[in-house]
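Read off the chains here:
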Amino acid sequence: MNQKRLPHQPSQPVQVQTYALLRVLLLATLLIAIALFAARLPRPVQAQDISPFPAWSSAENDSTTSVAWGDVDSDGDLDLAVGNRLGSTRLYLSEQGTLFSSPAWNSYIEYRSDVSTSSVAWGDVDSDGDLDLAVGDDGDTNRLYRNDQGTLTTEAVW
């Protein structure tokens, strides 16, 4: 049986046309989403973005071997603990995102040419809610400085 199509009948069923339209809309949405995502990606670093000057530097000229960020005074800003070769471990406080160049605390260890701090790390050792400072030394005992309400002890507690 040969059926003749009337001129007003679509050449394809309505379902196929709807499916094709949905595919086009989905593809367009996907392309828009990709374009929006690509616009939010950071641009590559350019030579003019790199400053020859550091954003921060300490007042001391130390031979630093280790650093660790932690909020020692619970003010919401990350403070910086710095372990040094042949010198004191130092703590630099940050206030409202600005790191001070002079240390707020020093470990005051006796200078010895055979002792170097090789690592520093923050952790709440005594479970009181503030960060205590562990110092790993090469050539001497490891040390722990307890944080008492935002201030590190001057003497190692372990």
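A brief look at the structure comes next. (Residues numbered from 1 in each chain as written. Predicted model: local features only at pLDDT ≥ 70, side-chain atom pairs only at ≥ 80, totals over all residues. Heavy atoms only, no water.)

## Here we look at the packing of aromatic side chains
In this description, an aromatic ring pair is defined by two values, namely the gap between the centres and the angle between the planes.
Now for step 1: Applying the stated criterion across every chain yields a total of 2 aromatic pairs.
Now for step 2: Each ring, one from Trp56 and one from Tyr92, has its centre 5.2 Å from the other, and the planes form 75°; the classification is edge-to-face. With a gap of 36 residues between them, Trp56 in the loop between helix H1 (14-40) and strand E1 (64-70) and Tyr92 in strand E3 (residues 90-92) connect regions that are remote in the sequence.
Now for step 3: You can call Tyr92 buried: its relative accessible area is 1%.
Now for step 4: Relative to Tyr145, the ring of Trp105 has its centre 4.8 Å away and its plane inclined at 75°; by these criteria the two rings are edge-to-face. On the criterion of sequence distance, the pair formed by Trp105 in strand E6 (residues 105-106) and Tyr145 in strand E9 (residues 143-145) is long-range, its members being 40 residues apart.
Now for step 5: Residue Trp105 is classed as buried on the basis of its relative accessible area, which comes to 7%.
Now for step 6: Judged by its relative accessible area of 2%, Tyr145 is buried. (Phe/Tyr/Trp six-rings, centres within 6.5 Å; stacked < 30°, edge-to-face > 60°. Helix = DSSP H or I, 4+ residues; strand = E, 2+ residues; numbered from the N terminus. Buried < 20%, exposed > 50% of the residue type's maximum accessible area, 1.4 Å probe, protein only.)

## Digging into unusual backbone geometry
Now for step 1: At Ser127, a residue that is not glycine, the phi angle is positive and equals roughly 55°.
Now for step 2: The residue Ser127 is located in the loop between strand E7 (116-123) and strand E8 (132-138) in this model.
Now for step 3: For Ser127, a relative accessible area of 63% gives the class exposed.
Now for step 4: At Gln149, a residue that is not glycine, the phi angle is positive and equals roughly 55°.
Now for step 5: Assignment of secondary structure puts Gln149 in the loop between strand E10 (147-148) and strand E11 (151-152).

## Details of the nonpolar core
Now for step 1: Counting 12 residues, the largest nonpolar core consists of Ala68, Val72, Ala81, Leu91, Leu93, Trp105, Val120, Trp122, Leu133, Val135, Tyr145 and Leu152.
Now for step 2: The set of elements that each furnish at least two residues to this core consists of E7 and E8. (Core = buried A, V, L, I, M, F, W, Y, C linked by side-chain atoms within 4.5 Å.)

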